[in-house]
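Close look at the chain arrangement
Okay, here's what each chain looks like letter by letter:
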Amino acid sequence: MIKDLKYLSAYLLPLSFLLALAWGGIWSWASVILAFGIFPILDAILPASTQNPSAEEEVARLSNRFFDLLLYLCPPICYVLIGLFFYTISQQELLLSEKVGLTFSLGVVLGALGINVSHELGHRADKKEQFLAKMGLLPVLYMHFFIEHNRGHHKQVSTPLDPATAKKGEWVYLFFVRSIIGQYFSAWNLEKERLAKKEMKFWSRENEMIRFQIYQLSYLGLISWVFGWQILPYALGIALIAVLLLETINYIEHYGLRRKKMENGRYERVLPKHSWNSDHEMGRIVLFELTRHSDHHYLASRKYQVLRHMDESPQLPTGYPGSMLMALVPPLWIWLMNKRIPTNPDTNLQMQ
């Protein structure tokens, strides 16, 4: 149990944002510096671990509510930080550099504790956990992710049909546009298909995508009413930073990997070889094991605390924070990663 307390390290990000609010100045960038300065260094220093929990440890971890409580606290924490951010921006005299720094810092926190935790909870069958997932996606204006990721991405991953799978040689900045637009329209189509199967009307309250748009517009309207319309650009700013954080992660998770298309026209089942994996310690802890992505796609219902290293999965050169930084320099990323993509013609892994 003592070693499991390491997951409390994920709360260093919201703590860093509180320091950013309190101290201002260069500290306004505290969460950015922590996530993309300190964490990559720690990933490089700390040894990566391929150790998997034993069967007994899996049972113990799955029955331990500590792991779930860590996730349940994240949406409330995010909303408290958002409220403090809007209050500070609207009530205090700040330099433009401080406002920009706070916006980037909170965007990073919302990407990690908001979208990432919503991703984990969105895979749960419990309606209360799914509600928390949607609440985490609301302030980043990305509620359609709940539909597209679970019903679209996990089905089409590592195929040309998935907008969230990066092609070999594709620059991350072009991927942002293709993925964000593609996932949004994919969510509408998936909801249309669901309603058609149930013989329900598209233009009705049963359409979750319509409800999502109403919730998000209501959120923007509410905060504008409480804090003033001048807060709206900052609300959009923190959402944009969080979404770009997510999409950078999407980019590195399946870059250049492709499932084999069989003679019947279908694609082979999703296997560990279709996701890039990272066992680097710091990235694993602060992202609640998202970096063990191969096992997550192999069995999406597995909770984060029991995700496993899989020998057949391709490995990133460093942890997620460092890999994300490298992805933002496309020539460097392509040079490093293209030679790592498996080239076995029998498995047809390259996404051209």
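Since this is a predicted model, take the numbers as computed values, not measurements.

Scoring rules and cut-offs
Residues numbered from 1 in each chain as written. Predicted model: local features only at pLDDT ≥ 70, side-chain atom pairs only at ≥ 80, totals over all residues. Heavy atoms only, no water. Helix = DSSP H or I, 4+ residues; strand = E, 2+ residues; numbered from the N terminus. Rg over C-alpha atoms; globule rule 2.2 N^0.38 Å. Buried < 20%, exposed > 50% of the residue type's maximum accessible area, 1.4 Å probe, protein only. Contact = heavy atoms within 4.5 Å. Areas by Shrake-Rupley, 256 points an atom, 1.4 Å probe, with all protein chains shown as cover. Lys, Arg positive; Asp, Glu negative; His and termini not counted. Charge placed at Lys NZ, Arg CZ, Asp CG, Glu CD. Axes fitted to C-alpha atoms, helices over the stretch in contact; angles between N-to-C directions. Parallel < 35°, antiparallel > 145°, perpendicular 65-115°, else oblique. Left-handed = near helix turned anticlockwise from the far one by under 90°. Nonpolar A, V, L, I, M, F, W, Y, C, P; charged D, E, K, R; others polar. UniProt positions renumbered as here; feature names shortened; annotations may be inferred.

This paragraph deals with the overall build of the protein chain. What the protein chain contains, in helices and strands, is 15 helices and zero strands. Against the globule reference of 20 Å for 352 residues, the protein chain gives a C-alpha radius of gyration of 20 Å, in line with a compact fold. With the principal axes as the frame, the protein chain shows a C-alpha extent of 60 × 55 × 45 Å. Of all 352 residues assigned to the protein chain, the portion counted as buried reaches 56%. A fraction of 72% describes how many contacts in the protein chain between residues 6 or more apart in sequence connect residues 24 or more apart. Per element, the accessible surface of the protein chain, about 16,100 Å² overall, is 65% carbon and sulfur. Counting 35 positive and 30 negative side-chain charges, the protein chain places the averaged centre of each group 5 Å from the other.

Two numbers describe how helix α5 (residues 74-91) lies on helix α6 (residues 96-122): the axes approach to 10 Å, and their chain directions differ by 165°. If you check the angle between α5 and α6, you find them roughly antiparallel. Helix-helix and strand crossings are classified by hand; for α5 and α6 the assignment is left-handed. Listed contacts from α6 to C74, I77, C78, L81, I82, F85 and I89 of α5 are K99, L102, T103, L106, V109, L110, L113, G114 and V117. Along the lines of polarity and charge, the residues of the contact of α5 with α6 split into 13 nonpolar, two polar and one charged.

Below, the discussion takes up the UniProt feature "domain: Fatty acid desaturase" (unreviewed entry) in the protein chain. Here, UniProt's "domain: Fatty acid desaturase" (unreviewed entry) annotation points to residues 102-311. Segment residues 102-311 splits into 60% helix and 0% strand. End C-alpha atoms: 40 Å apart.

All right, on to unusual backbone geometry then. A positive phi angle, near 60°, is found at S158, a position not held by glycine. Even without being glycine, E199 reaches a positive phi, approximately 55°. Within the secondary structure, E199 sits in the loop between α9 (172-197) and α10 (208-227).

In this numbering, the UniProt entry assigns the feature "transmembrane region" (unreviewed entry) to residues 29-48, 69-89, 101-119, 131-147, 171-190, 210-228 and 234-252. In residues 101-119, the share of helix is 100% and the share of strand is 0%. The end C-alpha atoms are 26 Å apart. Annotation note: span residues 171-190, helix share 95%, strand share 0%, distance between end C-alpha atoms 27 Å.

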